[in-house]
2 protein chains.
Amino acid sequence: MRPKSHGGSGRFSYDGLDRVMHEKARLGLLTSLASKADGILFTDLKELCQLTDGNLSRHLTVLQEAGLVEIWKGFKGRKPQTLCRLTDDGRRRFLDYVSVLELVVADALDATKAARQKKRPAPEGFSPA
Amino acid sequence: MRPKSHGGSGRFSYDGLDRVMHEKARLGLLTSLASKADGILFTDLKELCQLTDGNLSRHLTVLQEAGLVEIWKGFKGRKPQTLCRLTDDGRRRFLDYVSVLELVVADALDATKAARQKKRPAPEGFSPA
């Protein structure tokens, strides 16, 4: 999962950060769904991720269309219920995504460690844009 | 940097994932800039992050307006050059962001470990939506 090139071109392009999964709200949804193989009810997911009905529906549609999440309809008594869970392929792809995220975190921590102590005057020969 | 609530409401809302920094291309830009306290030339940044002139300019403007990045203008001989570097505040805020990202990765790995072995029939009482 490391990028093809390490030292130069594209070193920080992180191609594996699929935008469908990387979006902040969807990242939260996928992480919560990853913890429950049996799925999570729409109402609980709303609470866990602090989303409105409309936003949750919209993000679930994106995830479903990408083949990451499956949606099931049922009833509790007469009350309709919606259950959401990761597909098997969704779980695999999410793990791949997370491994790229791990790399980003490692890069960022390495980077800030390396640069931490330096004192920084205005760069020589440059003026503020 | 952990979210306020651990077990329930908002557990997976990851409020610290600032959308300005979380966007995929900008995350790459910030990570590369974090590694060079003295800044990186526009042309090198383009290469490292595999962005076009237009995209790089657009993302740098967003980062500059958010106070994360500073832009300096200079010359090499007669050739104009642009240098980009993290502000001190930008470095701090990026580190905060990265610590939330670490939490997401830890949550996701915990989640997938916990749920890995389960066999999953269709959920009882539900039908596909």
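The structure we're discussing is the one just above.
Residues numbered from 1 in each chain as written. Chains lettered and ligands numbered in written order. Predicted model: local features only at pLDDT ≥ 70, side-chain atom pairs only at ≥ 80, totals over all residues. Heavy atoms only, no water.

Details of helix 3 (residues 42-49) of chain A
Residue and element names in this part refer to chain A. Along helix 3, the residues classified as buried are F42, L45, L48 and C49. Considered in projection along helix 3, the buried side chains sweep an arc of 120° and stay on one side of the axis. As for helix 3, its buried residues are in contact with helix 2 (24-34), strand 1 (40-41), helix 4 (53-65) and strand 3 (79-86). Count one or two residues on from helix 3 and you reach Q50, which has phi positive near 55°. (Buried < 20%, exposed > 50% of the residue type's maximum accessible area, 1.4 Å probe, protein only. Helix = DSSP H or I, 4+ residues; strand = E, 2+ residues; numbered from the N terminus. Arc of directions from axis to C-beta. Contact = heavy atoms within 4.5 Å.)

Some remarks on the packing of helix 2 of chain A against helix 3 of chain A
Residues and elements named next belong to chain A. Interaxial distance between helix 2 and helix 3 falls to 10 Å at its minimum, and their mutual angle equals 120°. In terms of orientation, helix 2 lies oblique with respect to helix 3. Classified by chirality, the crossing of helix 3 by helix 2 is right-handed. Contact residues: G28, L29, S32 and L33 in helix 2; L45, L48 and C49 in helix 3. Among the residues forming the contact of helix 2 with helix 3, the class breakdown is five nonpolar, two polar and no charged. (Axes fitted to C-alpha atoms, helices over the stretch in contact; angles between N-to-C directions. Parallel < 35°, antiparallel > 145°, perpendicular 65-115°, else oblique. Left-handed = near helix turned anticlockwise from the far one by under 90°. Nonpolar A, V, L, I, M, F, W, Y, C, P; charged D, E, K, R; others polar.)

Digging into the interface of chain B and chain A
If you look at the interface, chain B gives 64 residues, while chain A gives 64 residues. The contact between chain B and chain A buries some 5600 Å² in all, and 65% of this surface belongs to carbon and sulfur atoms. Taken as a group, F12(B), K24(B) and R120(B) account for 15% of the area that chain B buries against chain A, more than any other trio of residues on that side. Summed over the shared surface of chain B and chain A, the number is two salt bridges. Among the salt bridges present, the one from R19(A) reaches E23(B), with a minimum N-O distance of 2.6 Å. The interface formed by chain B and chain A holds 21 residue pairs in polar contact (both at pLDDT 80 or more) in total. Going through the elements one at a time, helix 1 (19-22), helix 2 (24-34), helix 3 (42-49), strand 2 (69-76), strand 3 (79-86), helix 5 (88-115) and strand 4 (126-128) of chain B are the ones with two or more residues in the side of chain B that touches chain A. The leading source of residues in the side of chain B that touches chain A is helix 5 of chain B, at 15 residues. (Buried area = accessible area lost by both parts, 1.4 Å probe. Salt bridge = Lys/Arg side-chain N within 4 Å of Asp/Glu carboxyl O. Polar contact = N/O pair within 3.5 Å; in protein donor to acceptor, adjacent residues only side chain to side chain.)

A few points about unusual backbone geometry
Unusually for a residue other than glycine, Q50(A) sits at a positive phi of about 55°. Note that Q50(A) resides in the loop between helix 3 and helix 4.

Brief notes about the relation of the copies chain B and chain A
Rotating chain B by 180° about the axis while translating it 0.0 Å along that axis superimposes it on chain A, leaving an RMSD of 0.0 Å. In the structure described here, the two chain copies are related by an operation that fits a two-fold rotation axis. Both copies contact each other with a shared surface, as 100% of the interface residues of chain B are interface residues in chain A too. (Least-squares fit on C-alpha atoms with pLDDT ≥ 70 in both.)

Focus: the pattern of salt bridges
Residues and elements named next belong to chain B. Across all of its chains, the model carries 10 salt bridges over all chains by this definition. For E70, the salt bridge is made with R85, and the minimal N-O distance between the two is 2.5 Å. Separated by 15 residues along the polypeptide, E70 in strand 2 and R85 in strand 3 bring together distant segments of the chain.

Looking at the packing of aromatic side chains
Remark: the centre distance and the inter-plane angle together describe each pair of aromatic rings, the angle taken between the planes. Applying the stated rule across the entire model yields four aromatic pairs over all chains. Between F94(A) and Y97(A), the aromatic rings sit 6.2 Å apart at their centres with planes inclined by 15°, giving stacked as the arrangement. Of this pair, F94(A) and Y97(A) both sit in helix 5 (residues 88-115), three residues apart, roughly one helical turn. For the pair F94(A) and Y97(A), one class covers both residues: buried. Considering the side-chain rings of F12(B) and Y14(B), the 6.2 Å spacing of their centres and the 80° angle between planes classify their relative orientation as edge-to-face. Overall, the relative accessible area of 2% leaves Y14(B) in the buried class. Directly above the aromatic system of F12(A) lies the positively charged group of R11(A), at a separation of 5.0 Å from the ring centroid. (Phe/Tyr/Trp six-rings, centres within 6.5 Å; stacked < 30°, edge-to-face > 60°. Lys NZ or Arg CZ within 6 Å of the ring centre and 35° of its normal.)

As for the sheet that holds strand 1 of chain A
Across the sheet, which stays open at both edges, the four strands sit in the order 1(A)-3(A)-2(A)-4(B) with antiparallel pairing between neighbours. Of all the strands in the sheet, just strand 1 of chain A together with strand 4 of chain B have a single pairing partner and so form its edges. Summarising the sheet, strand 2 (residues 69-76) of chain A and strand 4 of chain B pair through three bridges and their orientation is antiparallel. Bridge pairing links G74(A) to F126(B) in strand 4 of chain B. Packed on one face of the sheet, helix 2 of chain A meets strand 1, strand 2 and strand 3 of chain A and runs near 90° to strand 3 of chain A. Along the sheet face, helix 4 of chain A touches strand 2 and strand 3 of chain A and points at about 125° away from the line of strand 2 of chain A. (Pairing = 2+ DSSP bridges.)

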